[in-house]
Amino acid sequence: MKSPKTIEKRIAKIKEELFKLGSMHPGSLSKQMNICGSPTCQCKDPVNPKKHGPYYNLSFVHKGKSTSRFIKEEFVPEIKQQLANYKKFKQLVE
């Protein structure tokens, strides 16, 4: 069994790490390449198709419902950092 001093030190360290986290968001980010509906588009070329994209999709659960949002490419690094912060948060609170 750990001493109260040891437990208090561990709690203090976890609190410090929590304060450093910054902005966070739950979920996962996926990169997609899509095909459109136009029959003459280059994405439908049978030999060398060039799909549209990449498109980034953020999937997460909000108020018990699965949700997804497209993320502009310029915001992808920020979202990746928020996802990493959320994962770190979950580890710390366990």
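The coordinates are above.
Residues numbered from 1 in each chain as written. Predicted model: local features only at pLDDT ≥ 70, side-chain atom pairs only at ≥ 80, totals over all residues. Heavy atoms only, no water.

A.B. asks: How would you explain the pattern of salt bridges if you had to name every residue and give the values?
C.D. replies: According to the stated counting rule, one finds 1 salt bridge in the structure shown. With a closest N to O distance of 3.4 Å, K88 and E17 form a salt bridge. Note that K88 is positioned in helix α2 (residues 76–93) and E17 in helix α1 (residues 4–20), a separation of 71 residues in sequence. Among the residues examined, K88 registers a relative accessible area of 33% and is labelled partly exposed. (Salt bridge = Lys/Arg side-chain N within 4 Å of Asp/Glu carboxyl O. Helix = DSSP H or I, 4+ residues; strand = E, 2+ residues; numbered from the N terminus. Buried < 20%, exposed > 50% of the residue type's maximum accessible area, 1.4 Å probe, protein only.)

A.B. asks: I'd like a description of the environment of K9, backed by residues and values.
C.D. replies: By the element assignment, K9 lies in helix α1. Residues K9 and Q32, 23 residues apart in the sequence, show an inter-C-alpha distance of 45 Å.

A.B. asks: Could you give me a rundown of the packing of aromatic side chains, with the residues and numbers involved?
C.D. replies: Applying the stated criterion to the full structure yields 2 aromatic pairs. Seen from their ring centres, Y55 and F70 are 6.5 Å apart, and the 75° between their planes marks the pair as edge-to-face. With Y55 in strand β2 (residues 52–62) and F70 in strand β3 (residues 65–71), the pair connects residues that are 15 residues apart, well separated along the chain. Here Y55 falls in the partly exposed class, since its relative accessible area comes to 36%. A relative accessible area of 58% places F70 in the exposed class. Their ring planes at 35° and their centres at 6.2 Å tell us that Y86 and F89 sit as a pair that is tilted. Linking Y86 with F89, this pair stays in helix α2, spanning 3 residues, or about one helical turn. (Phe/Tyr/Trp six-rings, centres within 6.5 Å; stacked < 30°, edge-to-face > 60°.)

A.B. asks: Account for the pairing of β3, naming residues and giving values.
C.D. replies: Note on strand geometry: in a regular strand, side chains alternate between the two faces of the sheet. Across 7 bridges, β2 lies against β3 in antiparallel orientation. Residue pairing in the sheet places F60 in a bridge with T67 of β3. The loop that links β2 with its antiparallel partner β3 comprises 2 residues; one of these, K63, has a positive phi angle of about 55°. (Pairing = 2+ DSSP bridges.)

A.B. asks: Describe in detail the side chain of N57, supporting the description with residues and values.
C.D. replies: Secondary-structure assignment places N57 in strand β2. Accessibility expressed as a relative area gives 11% for N57, which makes it buried. When near neighbours in sequence (up to four residues on either side) are disregarded, N57 contacts S28, L29, S30, Q32, S68, R69 and F70. (Contact = heavy atoms within 4.5 Å.)

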